[in-house]
Amino acid sequence: MSAAPLAPLDVAGRLPRLRERLAAAGLPALLVTKRENVRYLTGFTGSAGVLLVTADDALLVTDGRYATQAEEQLGTSGVPARVGIGLTAAAQRELLAAAVRGHDRVGLEEHSVTWADQREYAAALGAEVVPAGTPVEGLRRVKDAGELDRIRRACAIADDAFAAVVTRLAEGVTERQFALELEFAMRERGASGTSFDPIVAAGPNGAMPHARPTDRVIRRGELVVCDFGCVVDGYCSDMTRTVWVGDPGPEARRLFSVVLESQAAGRDAVAADVECAAVDKASRDVIAAAGLADAFSHSTGHGVGLEIHEAPRVASSARDTLLAGDVVTVEPGVYVPGVGGVRIEDTVVVTATGAEPLTLAPKELVL
Ligand code: ZN
Ligand code: ZN
C-alpha cells in the first residue's frame, strides 16, 4: 500500500459554513458536544471536549490531559478558536457560561445529548437551551477532497487486505480466526483500526445480518458473509462480500444472483438529486420480484465518513435527496433461516451523473 501523503483537509472552511446555518436558523449559539462533530469543526481528536460556536467566537473546552494537543491541532488546522482548559466538569461549565454571556439561547445537538446533559447545561449556561437539530451532520454529508482521499484510502486498504487473506476461508479456519486475520491485514496496511468489528458469518450463521464471528469452522459448500472496513485518519470504509467456499447448492446460488442483481440496480440508481428512497426501491424491487421481499430485513445503505453510519440514510422511509459528494453504501441482502444469508455492499461517492465505487474487490468469489 502506497504511503503517499493524504490530501489536506479543509477544516478551517467549516466554521463559517456552520455560522451561516446558525444565522439562517436564528440561533445565536450552538454547543457542539458530539465528538465527531468537534473533530470535524476543529481538527481536535481528543476523547473529551466541547465546542461553543457563536457568530464571532469559538471556544473549545477540554480538560488538562489535552491542553497541549488541543492548541497544536487547532494551530495545524488553522481554525480560529480559543482553547479553554477546565480541570473539573464544573470549571469547564464555568468557561462555557462565560462565553455564552450576552446570548439568550444556546442550541444543543438534540440527537447526541443525554437528558442529564440537557439539565446540567440548562442549569449552568445562564441561557435557555433549545434543541438545534443536527446542523453539523448536515455539513458533514458532502465530503471535500481531503475527506474523500481518506475514505478512498480506507477502502483500498480493505480491498487489498481482503485479497491477501480471502483464500484462508477454504483452509478450515473459524469465523473468529478469519475476522482476526482480516483485521490484522488491514492494520498492517496502514489502517488505524477497524471501522466496526468485522462480521464473518458462514452457512446458517449468515442468516443473521449482524452475526458475530464464532468458533465455528467454515466448511466447504457454505456461503460466508464478510462485512468489514477500516479507518484512515478518522475516516471509515465499509464493504461486504459473500464468498462461496465451494458450491453452496442451487438455493444459495439463487439467493446470491438475486442480491448481486439487486446491488447493481441500487448502485445504478445512485446519482446527485436522486431521492435516497428511490435507491432503496431500486434494490428492493429486484429482491421482491424474486419473491424474497420478507428476507431483505434492513435498509439499503447509509452514509459513511467520520462515523461508520452517518447521514444520509438510504432507506424506504428516508426523505433526503442525494448530493454530489455524499459517500453512501449500497448493501442489499437476503437472510433465510436454516439456509444462510447473502449481502453485497460497496461504498460509493455520489457524483452528478452516478456513483463512483470506492470498494473494488471482486463480487463473485468462488474458492
Ligand atoms: Zn458493512
Ligand atoms: Zn454498511
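Anything mentioned here points back to the structure above.
About the criteria used
Residues numbered from 1 in each chain as written. Chains lettered and ligands numbered in written order. Predicted model: local features only at pLDDT ≥ 70, side-chain atom pairs only at ≥ 80, totals over all residues. Heavy atoms only, no water. Phe/Tyr/Trp six-rings, centres within 6.5 Å; stacked < 30°, edge-to-face > 60°. Helix = DSSP H or I, 4+ residues; strand = E, 2+ residues; numbered from the N terminus. Buried < 20%, exposed > 50% of the residue type's maximum accessible area, 1.4 Å probe, protein only. Lys NZ or Arg CZ within 6 Å of the ring centre and 35° of its normal. Donors = N, O, S within 2.8 Å, 3.2 Å for Na, K, Ca; no water. Tetrahedral: all angles 85-135°; square planar, octahedral: opposite > 155°, others 65-115°. Salt bridge = Lys/Arg side-chain N within 4 Å of Asp/Glu carboxyl O.

A.B. asks: Whenever I open this one, the packing of aromatic side chains confuses me. Can you help?
C.D. replies: We describe a pair of aromatic rings using the distance from one ring centre to the other and the angle between the two ring planes. In this structure the tally under the stated criterion is four aromatic pairs. Measuring from ring centre to ring centre gives 6.4 Å for Phe-162 and Phe-178, while their planes differ by 80 degrees; the resulting arrangement is edge-to-face. With Phe-162 in helix H7 (residues 145–165) and Phe-178 in helix H8 (residues 175–188), this residue pair connects regions lying 16 residues apart in the sequence. Residue Phe-162 shares its accessibility class with Phe-178, and that shared class is buried. Between the aromatic rings of Trp-244 and Phe-256, the centroid separation amounts to 5.5 Å while the plane-to-plane angle is 90 degrees, which identifies the pairing as edge-to-face. Placement of Trp-244 in strand S12 (residues 239–245) and of Phe-256 in helix H9 (residues 250–269) is noted, with a sequence separation of 12 residues between them. Judged by its relative accessible area of 3%, Phe-256 is buried. What links up through ring pairs into an aromatic cluster is the set Phe-162, Phe-178 and Phe-228. Sitting over the face of the ring of Tyr-40, Arg-14 holds its NZ or CZ atom 4.0 Å from the ring centroid. Over the face of the ring belonging to Phe-296 we find Arg-284, whose NZ or CZ atom lies 4.0 Å from the ring centre.

A.B. asks: What is the right way to look at the coordination of the zinc ion (ligand 2) in this model?
C.D. replies: Between any two of four tetrahedral donors, the ideal angle at the metal is 109.5 degrees; between two of six octahedral donors, it is 90 or 180 degrees. Summarising the metal site, the zinc ion (ligand 2) is bound by the protein donors Asp-238 (OD), His-302 (NE2), Glu-331 (OE) and Glu-345 (OE), whose distances to it range over 2.0 to 2.1 Å. Classification of the site at the zinc ion (ligand 2) rests on its four donor atoms, whose angles at the metal span 78 to 151 degrees, yielding the label irregular. Written as a sequence motif, the donor residues of the zinc ion (ligand 2) are D-x63-H-x28-E-x13-E. Between the zinc ion (ligand 2) and the zinc ion (ligand 1) the interatomic distance comes to 3.1 Å, and Asp-238 is a ligand of both metals. Remark: Glu-345 occurs in the loop between strand S17 (340–343) and strand S18 (346–350) and Glu-331 occurs in the loop between strand S15 (327–330) and strand S16 (333–336); sequence separation between them is 14 residues. The pair formed by Glu-331 and Glu-345 is uniform in burial state, with each residue classed as buried.

A.B. asks: Any chance you could explain the pattern of salt bridges here in plain terms?
C.D. replies: Two side chains of opposite charge can pair, provided their charged atoms sit close to one another. Enumeration over the complete set of coordinates arrives at 33 salt bridges. Residue Arg-168 is joined to Glu-171 by a salt bridge in which the shortest nitrogen-to-oxygen separation is 2.7 Å. Given a relative accessible area of 27%, Arg-168 falls into the partly exposed group. Note that Asp-247 is salt-bridged to Arg-253, the shortest N-O span being 2.8 Å. One salt-bridge network, in which partners are shared between bridges, spans Lys-34, Glu-137, Arg-140, Lys-143, Glu-307 and Glu-310.

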